[in-house]
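Summary of structural features
Read off the chains here:
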Amino acid sequence: MRRFLLSVALLAALPTLAAQDVPAPARPRTTQEVLDASAPSDWRSLDPANTLYLDLAAGRVVIELAPAFAPEHVANIRTLAKEGFWDGTSIYRSHDNFVVQFGDADADDAAKAKSTGSARTKLPAEFERSAKGLTFRALPDRDGWAPEAGFAEGFPAARDGAGGQAWMAHCYGALGAGRNLEADSSIGAELYVVTGQSPRQLDRNITVVGRVVQGMELLSAIPRGPAPMGFYADAALRTPIRAVRLASEVPAAERTPLEVLRTDTATFDAMVESRRNRRDEFYKRPAGHIDLCNIAVPVRAPGAPKG
């Protein structure tokens with residue numbers, strides 16, 4: 001009997017002992033905590049040869065080009081920038097909840113159109129490319145526009161399978177090459193930036209050549225042009241462009257040094273999860289889902305302090 005009572009007493013104590021021995025589950029980290037814990041290797045510097053500076057009176061817009069997706073358009077854009085094609089042109093369209101567009105407002109008038117210099121005047125459509133060879137980081141959630149959505153080479157992208165086709169997505173800040181009805185009618189001289197809700201219906205229909213990494217507030221704040229498409233008939237309402245230059249052509253002291261969080265790291269995965277399921281004090285119910293275009297890739301100045 002004494003042995004039985006001792007055994008019962010020990011069993012009764014087990015839950016208490018177990019509760020003391022098992023640590024409480026770790027609280028999920030917030031986005032800021034994930035970034036604070038990042039290592040220098042989680043970040044990459046922008047390549048000056050693939051970085052455009054769109055200089056306006058209000059400030060500078062920094063654009064990263066995507067040669068992995070649109071190599072021929074990017075090569076042409078580099079030529080146009082080196083030869084000063086956009087200097088003195090304007091942002092001549094601001095379509096509400098859609099895009100701003102810039103370049104030569106008289107491009108469709110052969111008598112007034114600005115010369116594109118030595119840039120090529122005919123390019124193939126580069127709406128998509130083979131998914132093979134891309135470092136693709138797929139999101140865990142279903143995408144309404146493609147079998148898979150995620151990030152590739154640092155850009156929001158989608159694909160129809162690892163052995164199929166991949167393309168850049170029309171997320172906020174995407175830089176696209178305007179075209180006419182013909183698929184191969186863009187050369188990169190007339191460019192637009194998405195400033196509204198992501199028009200993913202344009203995916204695989206227009207060549208996307210890059211994305212804005214800093215300065216979107218300068219574009220999204222531009223007054224909207226008149227209906228139906230936001231083109232300014234009055235030239236005085238257009239936003240003048242001082243210059244569009246490649247960072248590699250700008251003296252080092254005049255560059256805007258930036259680092260972008262790499263999208264092929266565990267830190268990036270943790271950052272995405274922190275946005276899918278917000279743990280900030282404000283959020284009472286985590287969503288458990290995130291849309292591709294709601295993921296903003298963090299950008300910082302080199303050597304920026306944590307926090």
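See the structure shown above.
Cut-offs used in this document
Residues numbered from 1 in each chain as written. Predicted model: local features only at pLDDT ≥ 70, side-chain atom pairs only at ≥ 80, totals over all residues. Heavy atoms only, no water. Helix = DSSP H or I, 4+ residues; strand = E, 2+ residues; numbered from the N terminus. Buried < 20%, exposed > 50% of the residue type's maximum accessible area, 1.4 Å probe, protein only. Expected span 1.5 Å × (residues − 1). Phe/Tyr/Trp six-rings, centres within 6.5 Å; stacked < 30°, edge-to-face > 60°. Contact = heavy atoms within 4.5 Å. Disulfide = S-S within 2.5 Å. Polar contact = N/O pair within 3.5 Å; in protein donor to acceptor, adjacent residues only side chain to side chain. Pairing = 2+ DSSP bridges. Axes fitted to C-alpha atoms, helices over the stretch in contact; angles between N-to-C directions. 1 Å grid on protein atoms, 1.4 Å probe; cavity = no way out; pocket = protein on both sides within 12 Å on 5 of 7 lines; lining within 4 Å. Points joined across faces, edges and corners; volume = space filled by probe spheres on them. Nonpolar A, V, L, I, M, F, W, Y, C, P; charged D, E, K, R; others polar.

Description of unusual backbone geometry
For the bond running from Ala-227 to Pro-228, omega is 5 degrees, close enough to zero to count as cis. Mapped onto the fold, Pro-228 is located in the loop between α4 (216-220) and β14 (239-240). Not every positive phi belongs to a glycine, and Glu-153 is a case in point at roughly 55 degrees. Here Glu-153 is to be found in the loop between β8 (148-152) and β9 (155-159). Taking the relative accessible area as the measure of exposure, Glu-153 reaches 34% and is therefore partly exposed. With a phi close to 65 degrees, Arg-204 is a non-glycine residue in the positive phi region. Considering the arrangement of structural elements, one finds Arg-204 in the loop between β12 (191-194) and β13 (208-214).

Remarks on helix α3 (residues 71-82)
End to end, α3 covers 17 Å across 12 residues, agreeing with the expected 16 Å (1.5 Å per residue, within 8%). Downstream of α3 by one or two residues, Gly-84 has phi in the positive range, about 70 degrees.

Details of the packing of aromatic side chains
Under the defined criterion, the tally for this structure stands at four aromatic pairs. Considering the side-chain rings of Tyr-92 and Phe-231, the 6.1 Å spacing of their centres and the 15 degrees angle between planes classify their relative orientation as stacked. One end of the pair, Tyr-92, is in strand β4 (residues 90-94); the other, Phe-231, is in the loop between α4 and β14, and 139 residues separate them in sequence. The partly exposed category is assigned to Phe-231, whose relative accessible area is 36%.

Thoughts on the environment of Val-260
Note on placement: Val-260 falls in strand β16 (residues 259-261). For the pair Val-260 and Asp-42, spaced 218 residues apart in sequence, the C-alpha to C-alpha distance is 8.7 Å. If sequence neighbours within four positions are ignored, Val-260 has contacts with Asp-42, Trp-43, Arg-44, Leu-46, Arg-211, Val-297, Pro-298 and Val-299.

Structural notes on the state of the cysteines
In total, this model carries one disulfide according to the counting rule given. In this model, Cys-171 is linked to Cys-293 through a disulfide, with the two sulfur atoms separated by 2.0 Å. Across the S-S bond of Cys-171 and Cys-293 the torsion is about -75 degrees, and the bridge reads as left-handed. Placement of the pair is Cys-171 in the loop between β10 (165-168) and β11 (174-177) and Cys-293 in the loop between α5 (266-276) and β17 (299-300), with a sequence separation of 122 residues. The exposure class of Cys-171 is buried, given its relative accessible area of 5%. Cys-293 gets classed as buried once you look at its relative accessible area, which sits at 13%.

Here's the deal with α5
Turning to α5, its buried residues are Thr-267, Phe-268, Met-271, Val-272, Ser-274 and Arg-276. Taken together, the buried residues of α5 touch α2 (31-36), β8 and β16.

Notes on the side chain of Ser-186
Here Ser-186 is to be found in the loop between β11 and β12. Engagement of the side chain of Ser-186 in a polar contact is seen with the side chain of His-73, the distance being 2.8 Å.

Looking at the sheet that holds β11
Pairing within the open sheet is antiparallel, and its nine strands lie in the order β14-β4-β5-β12-β11-β13-β3-β2-β15. Of all strands in the sheet, those with a lone pairing partner are β14 and β15 (243-246), marking the two edges. On top of the sheet, α3 reaches β2 (51-56), β3 (59-65), β11, β12, β13 and β15; it is set at about 120 degrees to β15, its chief contact.

Quick look at empty space enclosed by the protein
Here the structure, examined in full by the defined rule, presents two cavities of 30 Å³ or more. Within this model, the largest cavity holds a volume of roughly 50 Å³. Around the largest cavity, the lining residues are Phe-69, Glu-126, Phe-127, Glu-128, Arg-129, Ala-166, Trp-167, Met-168, Ile-206 and Val-208. Here the lining of the largest cavity gets three residues from one element, more than from any other, and that element is β10. In the lining of the largest cavity, the residues fall into seven nonpolar, no polar and three charged. Lining the second largest cavity are Leu-139, Asp-141, Arg-142, Asp-143, Ala-149, His-289, Ile-290, Asp-291 and Leu-292.

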